[in-house]
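Spelled out from the first residue to the last, the chains are:
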Amino acid sequence: MFALARASASAAVAAPAAARAAVRCISDAALAQELTFPITPFKCHLTDGPQVEEMTTTGAELLEFFKLAVHYRRLELVAESAYKQQLIRGFCHLHIGQEAIPIGMEAAISKADSVITAYRCHTLLKARGASDVEILAELLGREAGCSRGKGGSMHMYGPEFYGGNGIVGAQIPIGAGLALAHKHANAKAADDAKRIAVALCGDGAVPQGQVHEAFNMAALWKLPVIFCVEDNQFGMGTSVSRSNANTEFYTIGHGVIPGVQVDAMDPLAVKAAFQWARQATIDNGPTILQLKTYRYRGHSMSDPGTSYRTRDEVKEVQKSRDVIEGIRARVIDAGIADAAELKAIEKDIRKTVEAALEEAKASSELPASELITDIYVDKESQKGFVRGVSLDKSWVL
Amino acid sequence: MLRLSRAVCSMPTRAFASTAVAAAGSGGDKLPGFVHKVVDEDVPQDGEMVEMNLFEAVNAAMDVALDTDETACVFGEDVAFGGVFRCSMNLMEKYGKDRVFSTPLSEQGIAGFAIGMAAMGSTAIAEIQFADYIFPAFDQIVNEAAKYRYRSGGMFDVGGLTIRSPYGAVGHGGLYHSQSPEAYFSHTPGLKVVIPRSPQQAKGLLLSAIRDPNPVLVFEPKALYRAANEPVPVEDYEIPLGKAQVLKEGSDVTVVGYGAQIYVLEQAILMAEKELGISCELIDLRSILPWDKDTVIDSVNKTGRAVISHEAPKTSGFAAEVSSTIQEACFLNLESPIQRVCGWDTPFPLIFEPVYVPDKHRVFEGIKAAIEF
Ligand SMILES: Cc1ncc(C[n+]2csc(CCOP(=O)(O)OP(=O)(O)O)c2C)c(N)n1
Ligand SMILES: [Mg+2]
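Residues numbered from 1 in each chain as written. Chains lettered and ligands numbered in written order. Predicted model: local features only at pLDDT ≥ 70, side-chain atom pairs only at ≥ 80, totals over all residues. Heavy atoms only, no water.

Convention followed: UniProt positions are given in the numbering used here, feature names are shortened, and annotations may be inferred rather than shown by experiment.
By the naming in an unreviewed UniProt entry, chain B is 3-methyl-2-oxobutanoate dehydrogenase (2-methylpropanoyl-transferring), taken from Thecamonas trahens ATCC 50062. What the UniProt record of chain B gives under Catalytic activity (unreviewed entry) is the line "N(6)-[(R)-lipoyl]-L-lysyl-[protein] + 3-methyl-2-oxobutanoate + H(+) = N(6)-[(R)-S(8)-2-methylpropanoyldihydrolipoyl]-L-lysyl-[protein] + CO2". UniProt's Subcellular location (unreviewed entry) comment on chain B is quoted here verbatim: "Mitochondrion matrix".

Chain A is annotated in an unreviewed UniProt entry as pyruvate dehydrogenase (acetyl-transferring) from Thecamonas trahens ATCC 50062. Per its UniProt entry, chain A bears the Cofactor (unreviewed entry) comment "thiamine diphosphate".

Here it is in structure tokens:
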């Protein structure tokens, strides 16, 4: 939708052609210019929500969003091909198509805030600040991976990133727990040091009972948590309306939690929603964001993703709502960079990620002795501890 | 149909195929298997037989159940379209979407809902997509299903309840697509727990489970769903629950297991008989709860030695129960300490699966330890 929106640039739109001709010589003026774009109206429940119909950004931010979107997608594309080369075994769930969520979210929240999600976690961790090598090496099961190869695709962790969960829905009450700890600390913190938790799940996870148990606790204790439903239309092969009686997820907060529905194919709309939600949750307790997005690939690598939807449906979203193409059009329209410059940026990113894959491949696998580490820790020595059948058959590592 | 199958299948087919072979013990080895030749007297041999694999046998059993019992319903996540392992393939088309349907992603809901149906006297056949996802339903199964009859003084029961779920290692399933949770349920009076090892067994045991007047959990070895075919009777037949099967008679050591592990034990026995010159008896428990103590006790009284093996971690695994029963009943006949060859006491590992699983070499060492004590 937003790809078609025209910029009403407040600074001069057309940079001199000469300045734009040289690749990667994007002018400071172009980057500094302020730009305003309309955003898809939010739908709000029990709140007026973000009172914005347009978002003002800069050339620099827009270009940064472009780079991030390209980078997140390339990371997943590289993972996809590594999987096909059998470098990655087992499960692998790609976030392709949903990149506006990590981009917009991180543009609005603080790095000190805590994030937890399900197994579709690679780009969310990347957005938290992990390196390409940490993510790709984890996928390959190597020591350089963020979980030292012991978690794999579904179990990635990083600073203030609590996973990476395989049991659908389990991360939501855990997210509420993160928020309780923040609430206690926030009571003594300065306004600008207050922290929140973001707990994300998919549309398919909403029917899980524990999601709703968490909603109630969070509302009861006014916890600073943003519950996000990444509504990508499918839970495996089941479309959203076949698994949820109410698909207006922004309204599912027990009649008490305010919610907002967001066009999550537009990073600016996602950013606006999180900016509002972050303050709202600090002030009033939990909020729900229904992030309307779309999963381009199948559920996981063994699902071609074509039998429960038409190829045309996927193509249509790619054509009209794609995150990268949307930002590309805006960047070019606003004269921040031209098509060739953006292509050059994409090429650079591709090289960077492919180099990271080589580096990940060079990392070794953990020795088999690591099978028995990270299970228990001995209280006195803080060393690893493995329970045996009897005490004398237990090990302190 | 097959295209659909792959579409919703979250288990990588590669992982599948490779481990199915490994679990079946035929990976590279030329040793002849004997388990598949064993005739089960409870499986009719005279009528029409069709070659099928384990998921097809499960499908065939549910087909019979739906056909012979109009209150029977089959449901679970993605089940209307066959389920991720294809077990309910074509059943929705045949019996309609009122009787074969997909549920939301809600294991506790699925179990509770099935229990309610069963309390009304209907036959509820619920699928939990992976045994690893049964834990959100643990409360309903352990607290509601298992105790309904007892706490109502026999007024109500949920005998019509059957919960099927794929369990076990497949190669690269990692932490949440590989576990064997049978022991948790074996600790719950009121439940029955069944684990078949082959297509023939799966059909007969599942039909028994569905018709048993008690709630039954059936854990299906997912590594075997697409492994070898075997001829399966087309007719309706039941294999009694709570009855083990002696798959091979022997005089020196009793080897006990169930499910996919049977084929690992088979390989280990072939190795041990060749290299140690001994004779091993192999028992497939088939039912974990209630389990066939008599068959195991009689065997150990004869051989004087026992090795018990499963994929689940050793501590408080079902082997502990078997071992302690043998100790109580066969004490004076035991020649050596009972060996348990199980998964290590670790979470099910992603990258260390080959180190974790009790493979034929570890079972062989267990047999050797029992013999050479
Ligand atoms: C408790 C539990 N039940 C079932 C599954 C199997 N499963 C994995 S993902 C999934 C669908 C989830 O869909 P959704 O929440 O929409 O997330 P998406 O894959 O679209 O990101 C299912 C059924 C699981 N991992 N955990
Ligand atoms: Mg979804």
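**Remarks on the interface of chain B and chain A**
This is how it is decided: Throughout, a residue-residue contact means that at least one pair of heavy atoms, one from each residue, lies within 4.5 Å. By convention in these notes, a salt bridge is any Lys or Arg side-chain nitrogen within 4 Å of a carboxyl oxygen on Asp or Glu. Counting of polar contacts relies on pairs of N or O atoms within 3.5 Å, with two restrictions inside protein: one atom must be capable of donating a hydrogen and the other of accepting it, and residues adjacent in sequence are counted only when both atoms are side-chain atoms. Only runs of H or I of at least four residues qualify as helices and only runs of E of at least two qualify as strands under DSSP, and these elements are numbered from the N terminus. Under the scheme applied here, ten amino acids are nonpolar (Ala, Val, Leu, Ile, Met, Phe, Trp, Tyr, Cys and Pro), four are charged (Asp, Glu, Lys and Arg), and all others, including Gly, are polar.
Residue-level contacts link 41 residues of chain B with 46 residues of chain A. Connecting chain B to chain A are zero salt bridges. Counting every contact that joins chain B to chain A gives two residue pairs in polar contact (both at pLDDT 80 or more). Of all the secondary structure elements, the ones that give two or more residues to the side of chain B that touches chain A are helix H1 (2-8), helix H2 (13-23), helix H5 (107-119) and helix H13 (353-356) of chain B. Ranked by the residues each element gives to the side of chain B that touches chain A, the list is headed by H1 of chain B, at four residues. Taken together, the residues of the side of chain B that touches chain A break down into 22 nonpolar, eleven polar and eight charged.

**Description of the coordination of the magnesium ion (ligand 2)**
Residue and element names in this part refer to chain A. Convention followed: Only nitrogen, oxygen and sulfur atoms qualify as donors, provided they sit within 2.8 Å of the metal or within 3.2 Å for Na, K and Ca; with water excluded from the atoms, sites may seem incomplete. Type-normalised accessible area, obtained with a 1.4 Å probe on protein chains alone, sets the label of each residue: buried when under 20%, exposed when over 50%, and partly exposed for intermediate values.
Only Asp203 (OD), Asn232 (OD1) and Phe234 (O) from the protein reach the magnesium ion (ligand 2) as donors, at distances of 2.1 to 2.2 Å. Positions of the donor residues of the magnesium ion (ligand 2) along the chain correspond to the pattern D-x28-N-x1-F. Taken together, the residues span a long stretch of sequence, with Asp203 in the loop between strand S5 (197-202) and helix H8 (209-220) and Asn232 in the loop between strand S6 (225-231) and strand S7 (234-235) at a distance of 29 residues. A residue is classified by how much of its surface remains accessible, and Asp203, at 0% relative accessible area, is buried. Assessed through its relative accessible area of 4%, Asn232 is described here as buried.

**Some points on the UniProt feature "domain: Transketolase-like pyrimidine-binding" (unreviewed entry) in chain B**
When the UniProt feature table is mapped to this numbering, "domain: Transketolase-like pyrimidine-binding" (unreviewed entry) covers residues 52-227 of chain B. Across residues 52-227 of chain B, helical content stands at 36% and strand content at 16%; the span's end C-alpha atoms are separated by 10 Å.

**So, the domain arrangement of chain B**
One frequent convention defines the size of an interface as the accessible area lost when the parts assemble. Residues and elements named next belong to chain B. Using the following cut-off: These domain limits were set by an automatic method or by a database of domain assignments. By buried area we mean how much accessible surface two parts lose on assembly, using a 1.4 Å probe and totalling the loss over both.
Looking at the assigned domains, one finds that chain B contains domain 1 (17-233) and domain 2 (245-372). Each of domain 1 and domain 2 was reduced to a C-alpha centroid, and the two centroids are 24 Å apart. The interface of domain 1 with domain 2 comprises 42 residues on the first partner and 34 residues on the second. Summed over both partners, the interface of domain 1 with domain 2 comes to about 3000 Å²; 60% of that surface belongs to carbon and sulfur atoms. Viewed at the interface, domain 2 and domain 1 are joined by two salt bridges. A salt bridge links Arg197 to Asp284; the shortest N-O distance between them is 2.8 Å. If you look at where domain 1 meets domain 2, you find 14 residue pairs in polar contact (both at pLDDT 80 or more). Elements that contribute at least two residues to the side of domain 1 that touches domain 2 include exactly H2, helix H8 (182-186), strand S6 (192-194) and helix H9 (199-211). At four residues, the largest contribution of residues to the side of domain 1 that touches domain 2 is made by H8.

**So, the pattern of salt bridges**
All names here are of chain A. Applying the stated criterion across every chain, the model contains 37 salt bridges over all chains. Glu248 is the partner of Lys43 in a salt bridge, and the nearest nitrogen-oxygen pair spans 3.5 Å. Pair noted here: Lys43 is in strand S2 (residues 43-45) and Glu248 is in the loop between helix H9 (240-243) and strand S9 (259-263), with a separation of 205 residues, a long-range link. Judged by relative accessible area, which is 28%, Glu248 ranks as partly exposed. For Asp113, the salt bridge identified is with Arg278, shortest N-O distance 2.6 Å. Of the two residues, Asp113 sits in the loop between helix H4 (100-108) and strand S4 (114-116) while Arg278 sits in helix H10 (residues 267-284), which places them 165 residues apart along the sequence.

**Comments concerning the sheet that holds S6 of chain B**
Where strands meet in a sheet, backbone hydrogen bonds hold them as pairs that are either parallel or antiparallel. Residues and elements named next belong to chain B. Applied cut-off: Paired strands, as defined in this entry, are two strands with at least two bridges between them according to DSSP. Angular values range over 0 to 180 degrees, each being the angle between N-to-C directions of two axes fitted as lines to C-alpha atoms, with helices fitted over their stretch in contact.
Ordered in space as S3-S2-S4-S5-S7-S6-S12, the seven strands form an open sheet in which the pairing is mixed. Two strands in the sheet have a free side with no partner beyond their single neighbour: strand S3 (100-102) and strand S12 (287-289). Sheet twist, expressed as the mean angle between neighbouring strand axes with direction ignored, is 20 degrees. Across six bridges, strand S5 (residues 161-167) lies against strand S7 (residues 216-221) in parallel orientation. Bridged to Thr162 within S7 is Val216. H5 contacts strand S2 (73-76), S3, strand S4 (124-127) and S5 of the sheet and is inclined by roughly 165 degrees relative to S2.

**Comments concerning the sheet that holds strand S11 (residues 280-284) of chain B**
Residues and elements named next belong to chain B. In spatial order, the strands read S9-S11-S10-S13-S14; together these five strands make up an open sheet with mixed pairing. Single-partner strands in this sheet number two, and they are strand S9 (245-248) and strand S14 (339-343). Across the sheet, the mean angle from the axis of one strand to that of its neighbour is 25 degrees, orientation sign disregarded. As paired strands, strand S13 (residues 306-313) and S14 are joined by five bridges and run parallel to one another. From the neighbouring strand, Val307 faces S14, where its bridge partner is Gln339. Helix H10 (residues 261-276) rests against S9, strand S10 (253-257), S11 and S13 of the sheet, and its axis sits at about 175 degrees to S11. On top of the sheet, helix H14 (residues 360-372) reaches S10, S11, S13 and S14; it is set at about 165 degrees to S14, its chief contact.

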